[in-house]
Amino acid sequence: MPELPEVQTVVNSLGALINKKIIKFSYSWEKVIYNFSTKKFKDLIKSHTIKNITRKGKYIILHLNDSYLVCHLRMTGYLYLSKDLPTDNRHTRCYFILNNKEYLIFKDIRKFGGFYFYTSLSDLNKKIGIDPFDNLFNKNWLKNNLKRKKRMIKHLLLDQKFICGLGNIYIDEILWKSRIHPKSNSQNIKNTSFLYDNIISILKDSIAFHGTTIMNFTFDNMKTGNYKNKLNVYGRNGLPCNSCSKSIIKQRVAGRGTYICTYCQQ
DNA sequence: CCCGATGTTCGATT
DNA sequence: AAATCGAACATCGG
């Protein structure tokens, strides 16, 4: 579920974490910590103060005194602050107790999400590419780097090592608005400037609407995103294209369910 | 009941 | 280098 706008929405909802201290870590699913055993992680995390919260791609980054607590929500992760522990713990995988007696709670239906502990961000930066809101990501960057690759555009945009943060929903939306067929070769894309504008504007627009809730995405005590009503292709199989009125089709591209207007996107 | 699909990522294989 | 596939899981719908 969560792509860049949803992750940014979560980051925005966690501002109250700043300057709070982590007192204790508790878990019920061992694999919720990706790069350490939970035993080791407990030691590492204790008594750290959260200095800042940022995001890169789909990763949430809590800046600690001299280290980083990084969270990835994968498909169904839900990270939120609460004065109380959940009454329904079916999907609670772990939580942190803070010095003000509040809880940072991580629920995750499908158990794919979790946390990394890093002493530097270099591992993370090596793993993923440029963020769309990075100053270095501009029209020239996109033009030059699309030219360097010979890949189906949808496949390339899904690759987090290329650009990080885009996922299945927003790529379909961006390619529809850009009038680009998802199977197009990245080298042959003519209007890269228009594609750039649509990447930025669609992400910004969705952030303003707190992201898209299709099935499971919630933030800040069960709030949901409202961008779903603004989707032009995703999930609109068989419905008329908002530009030409011909039928939206669904087809598998790069192994993912993909929504296309074959008239607008040649 | 079984099968397929779901917004992500990783690693193996072609 | 690029593309496909299965796995990590749970849930829902046909």
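Conventions we followed
Residues numbered from 1 in each chain as written. Chains lettered and ligands numbered in written order. Predicted model: local features only at pLDDT ≥ 70, side-chain atom pairs only at ≥ 80, totals over all residues. Heavy atoms only, no water. Helix = DSSP H or I, 4+ residues; strand = E, 2+ residues; numbered from the N terminus. Polar contact = N/O pair within 3.5 Å; in protein donor to acceptor, adjacent residues only side chain to side chain. Contact = heavy atoms within 4.5 Å. pLDDT = per-residue confidence, 0-100. 1 Å grid on protein atoms, 1.4 Å probe; cavity = no way out; pocket = protein on both sides within 12 Å on 5 of 7 lines; lining within 4 Å. Points joined across faces, edges and corners; volume = space filled by probe spheres on them. Nonpolar A, V, L, I, M, F, W, Y, C, P; charged D, E, K, R; others polar. Domains from an automatic or database assignment. Core = buried A, V, L, I, M, F, W, Y, C linked by side-chain atoms within 4.5 Å. Buried < 20%, exposed > 50% of the residue type's maximum accessible area, 1.4 Å probe, protein only. Phe/Tyr/Trp six-rings, centres within 6.5 Å; stacked < 30°, edge-to-face > 60°. Salt bridge = Lys/Arg side-chain N within 4 Å of Asp/Glu carboxyl O.

What follows deals with the side chain of Ser 186. Topologically, Ser 186 is positioned in the loop between α6 (168-177) and α7 (192-208). A polar contact is formed between the side chain of Ser 186 and the backbone oxygen of Leu 146, at a distance of 3.4 Å. Within the local environment of Ser 186, its side chain forms a polar contact with the backbone oxygen of Lys 149, the two atoms lying 3.1 Å apart. Apart from residues lying up to four places away in sequence, Ser 186 is in contact with Leu 146, Lys 149, Lys 150, Arg 151, Ile 153 and Leu 156.

Let's shift gears to the confidence of the model for chain A. Per-residue confidence for chain A averages 93 on the pLDDT scale, and 100% of its residues sit at or above 70. The lowest-confidence element of chain A is helix α3 (residues 122-127), averaging 90 in pLDDT; the highest-confidence one is strand β3 (residues 59-63), averaging 97.

In this section: the layout of surface pockets. Its volume calculated, the second largest pocket comes out at about 240 Å³. Forming the boundary of the second largest pocket are Thr 76, Tyr 78, Asp 88, Arg 90, His 91, Lys 107, Asp 108, Ile 109, Met 215, Asn 216, Thr 218 and Met 222. Residue composition of the lining of the second largest pocket, by class: four nonpolar, four polar and four charged. Two domains share the lining of the second largest pocket, each providing at least three of its residues, namely domain 1 (4-126) and domain 2 (139-260).

Moving on, we get to the nonpolar core. Judged by nonpolar contacts, the single largest core of 37 residues is most densely connected at Phe 137, Leu 142, Ile 163, Leu 166, Leu 195 and Ile 199. Contributions of two or more residues to this core are made by α4 (139-148), α5 (153-158), α6 and α7. With seven residues, the single largest contributor to this core is α7. Excluding its chain neighbours within four sequence positions, the residues that come into contact with Ile 163 are Ile 130, Pro 132, Phe 137, Trp 141, Leu 142 and Leu 157. Listed in part, the 30 residues of the second largest apolar core include Val 11, Leu 62, Phe 115 and Phe 219.

A word on the packing of aromatic side chains. Counting across every chain of the model gives 19 aromatic pairs. For the pair Phe 106 and Phe 115, a centre-to-centre distance of 5.2 Å together with 75° between the ring planes defines the contact as edge-to-face. No difference in accessibility class separates Phe 106 from Phe 115, as the two residues are buried. Ring centres 5.0 Å apart and planes at 65° place the aromatic pair Tyr 234 and Tyr 259 in the edge-to-face group. A residue pair is termed long-range when its members are at least 10 positions apart, and Tyr 234 in the loop between α7 and β9 (249-253) and Tyr 259 in strand β10 (residues 256-260) qualify at 25 residues.

In this structure the tally under the stated criterion is nine salt bridges. Between Asp 205 and Lys 230 there is a salt bridge, with the nearest N and O atoms lying 3.1 Å from each other. Of this pair, Asp 205 sits in helix α7 while Lys 230 sits in the loop between α7 and β9, placing them 25 residues apart in sequence. Taking relative accessible area as the criterion, Asp 205 reaches 26% and is therefore assigned partly exposed.

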